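# Fold and contact review
Letter by letter, the chains look like this.
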Amino acid sequence: MANKPSLFNIICSCCLIFFIFLASTPLITLAIPATQLIPLASTSQTVEEKVLTGNKVDLPVNSSDTPEYDIFTYSQRRERNLPTLLPTPLPYYGTKVIYLTFDDGPSPENTPTVLAILKENNIKATFFVLGTEIEKYPDLLKRIYDEGHGIGNHSYNHIYRELYQSATTYVEQLHHTDDIIKSILNVRPFISRAPGGSAGSFTKAYWEILKSQGYIEVGWNISSGDASNAKADQLLNNIIFQTEKNKFLWSHAILLMHDGKGHAESAKALPQIIKFYKEQGFDFRIITSKTPPAW
Ligand SMILES: [Zn+2]
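Treat the numbers as computed from the prediction; the structure is a model and nothing was measured.

## Remarks on helix H8 (residues 167-185)
An ideal rise of 1.5 Å per residue puts 27 Å on 19 residues; H8 measures up with 27 Å between its terminal C-alpha atoms. By the burial criterion, the buried members of H8 are Tyr-170, Val-171, Gln-173, Leu-174, Thr-177, Asp-178, Ile-180 and Ile-181. Positioned one or two residues after H8, Asn-186 has a phi angle of 70°, which is positive.

## Here we look at unusual backbone geometry
The omega torsion of the bond from Gly-105 to Pro-106 falls at 0°, within 30 degrees of zero and hence cis. As for its placement among the helices and strands, Pro-106 is situated in the loop between strand E2 (97-105) and helix H4 (111-120). Of note in the backbone geometry, Asn-122 takes a positive phi value of approximately 55° without being a glycine. With respect to the helices, strands and loops of the structure, Asn-122 is situated in the loop between H4 and strand E3 (126-129). Residue Asn-122 is classed as exposed on the basis of its 7 C-beta neighbours within 10 Å.

## Looking at the packing of H8 against helix H9 (residues 204-212)
Interhelical geometry of H8 versus H9 gives an angle of 40° and a closest axis separation of 9 Å. The pairing of H8 with H9 is recorded here as oblique in orientation. At the point where H8 passes H9, the crossing takes the right-handed sense. Together, Ala-167, Tyr-170 and Val-171 of H8 and Ala-205, Tyr-206 and Ile-209 of H9 make up the contact between the two elements. In the contact of H8 with H9, the residues fall into six nonpolar, no polar and no charged.

## Observations concerning the environment of Phe-127
Counting through the fold element by element, Phe-127 comes out in strand E3. For Phe-127 and Asp-103, which are 24 residues apart along the polypeptide, the C-alpha to C-alpha distance reads 5.9 Å. Apart from residues no more than four positions distant in its own chain, Phe-127 is found in contact with Phe-102, Gly-105, Pro-106, Ile-144, His-149, Gly-150, Ile-151, Gly-152 and Asp-259.

## Points about helix H11 (residues 264-279)
With 16 residues, H11 extends 24 Å from end C-alpha to end C-alpha; this agrees with the ideal 22 Å at 1.5 Å per step. At Leu-270, H11 shows its maximal kink, close to 40°; a proline, Pro-271, follows between one and four residues later. Positioned one or two residues after H11, Gly-281 has a phi angle of 85°, which is positive.

## So, the nonpolar core
Counting 51 residues, the largest nonpolar core has Ile-98, Tyr-99, Phe-127, Val-129, Ala-253, Leu-255 and Ile-273 as the members making the most contacts within it. Residue contributions to this core peak at six residues, all from H11.

## Some words on the environment of Lys-96
When you line up the elements, Lys-96 lands in the loop between helix H3 (74-79) and E2. On the neighbour-count criterion, Lys-96 (14 C-beta atoms within 10 Å) is partly exposed. On a C-alpha basis, the gap between Lys-96 and Phe-282 in space is 4.7 Å, while along the polypeptide they are 186 residues apart. Not counting residues within four places of it along the chain, the set of residues in contact with Lys-96 comprises Trp-250, Gln-280, Gly-281, Phe-282 and Asp-283.

## Looking at the environment of Ala-267
Within the fold, Ala-267 resides in helix H11. Note on Ala-267: 24 C-beta atoms within 10 Å, which makes it buried. Sequence separation between Ala-267 and Leu-115 is 152 residues, and the spatial gap between their C-alpha atoms is 9.5 Å. Setting aside residues up to four positions removed in sequence, Ala-267 forms contacts with Asn-110, Thr-113, Val-114 and Asp-259.

## So, the packing of H4 against H11
Interhelical geometry of H4 versus H11 gives an angle of 5° and a closest axis separation of 9 Å. Comparing the axis directions of H4 and H11 gives the class roughly parallel. Of the residues in H11, those in contact with Thr-113, Val-114 and Ile-117 of H4 are Ala-267, Leu-270 and Pro-271. In the contact of H4 with H11, the residues fall into five nonpolar, one polar and no charged.

## Observations concerning the confidence of the model for the protein chain
Overall, the prediction assigns the protein chain a mean pLDDT of 85, with 80% of residues at 70 or greater. Within the model, the stretch residues 14-53 combines pLDDT values under 50 with 21 contacts to residues more than four positions away or in other chains.

## A word on the pairing of E3
Burial along E3 is two-sided: Thr-126 and Phe-128 facing one way and Phe-127 and Val-129 facing the other are all buried. With four bridges connecting them, E2 and E3 associate as parallel partners. Within E3, the residue paired with Phe-102 across the bridge is Phe-127. Here E3 pairs with strand E4 (residues 150-153) via four bridges, running parallel. Among the inter-strand pairings, Phe-128 is bridged to a residue of E4, identified as Gly-152.

Cut-offs used in this document
Residues numbered from 1 in each chain as written. Predicted model: local features only at pLDDT ≥ 70, side-chain atom pairs only at ≥ 80, totals over all residues. Helix = DSSP H or I, 4+ residues; strand = E, 2+ residues; numbered from the N terminus. Expected span 1.5 Å × (residues − 1). Buried ≥ 20, exposed ≤ 12 C-beta atoms within 10 Å, placed from the backbone. Axes fitted to C-alpha atoms, helices over the stretch in contact; angles between N-to-C directions. Parallel < 35°, antiparallel > 145°, perpendicular 65-115°, else oblique. Left-handed = near helix turned anticlockwise from the far one by under 90°. Contact = placed C-beta atoms within 7 Å. Nonpolar A, V, L, I, M, F, W, Y, C, P; charged D, E, K, R; others polar. Bend = angle between axes of the 7 residues up to and from the residue. Core = buried A, V, L, I, M, F, W, Y, C linked by C-beta atoms within 7 Å. pLDDT = per-residue confidence, 0-100. Pairing = 2+ DSSP bridges.

Here it is as structure tokens:
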């Protein structure tokens, strides 16, 4: 026969339930995704960034879509005993975001055409430049910068057998190109892109040295296919096909194109490419430290 619960037992049970609730509250708080905890009113800088910038490179508050540059090169930071590690801001995922990127330039054949089309459409892109080309065409680098586009480091000479001898030879080419960029613009970028892509060329050592020196490697998830002899129509079709196929990448679509010598078809296709993304309602952005990894 079950005992009838006494008033004392009922009170004890209530206390126990209340105690369990109180004890679990911190766990509930921790389970809320960090994104919901940290937005600050007037900027997109997060609490996480504020904490991390203590012993890290002090990136400018990048509330929208402005390129990020450093007034020091890596070796100047070392000389001055300044931090070289970058903070890790929350990646920006939008609904429909496209990052147009142009590699291997600048070139007098294509870069001015590309810049004119971008200006006409009032959009910004990111240019991963080669040291050898900016040595020859410093005014084009200056123009890219002055017109508000992003600039990234794409190695000095793009010659795989020299570049990919080791992680050290790789970063030496980045340093060399940074020095040239700095001599022209008085700033240098944090972002870099491995010629041919990191897959197949980077070992763990490459990723480690890039991180320790404050470089952000930027890949792509849509390729125009303009490294081939494809004509403008084919390039546009390649891009539309990959974009439609991978809608899960629309939050951060990163499109690879080229503005170096021999890529006139890319410049020719560009107005139609831009039209396609505009019609789909995409937001055109510049690559920054907030740009998510391509994959
Ligand atoms: Zn390249």
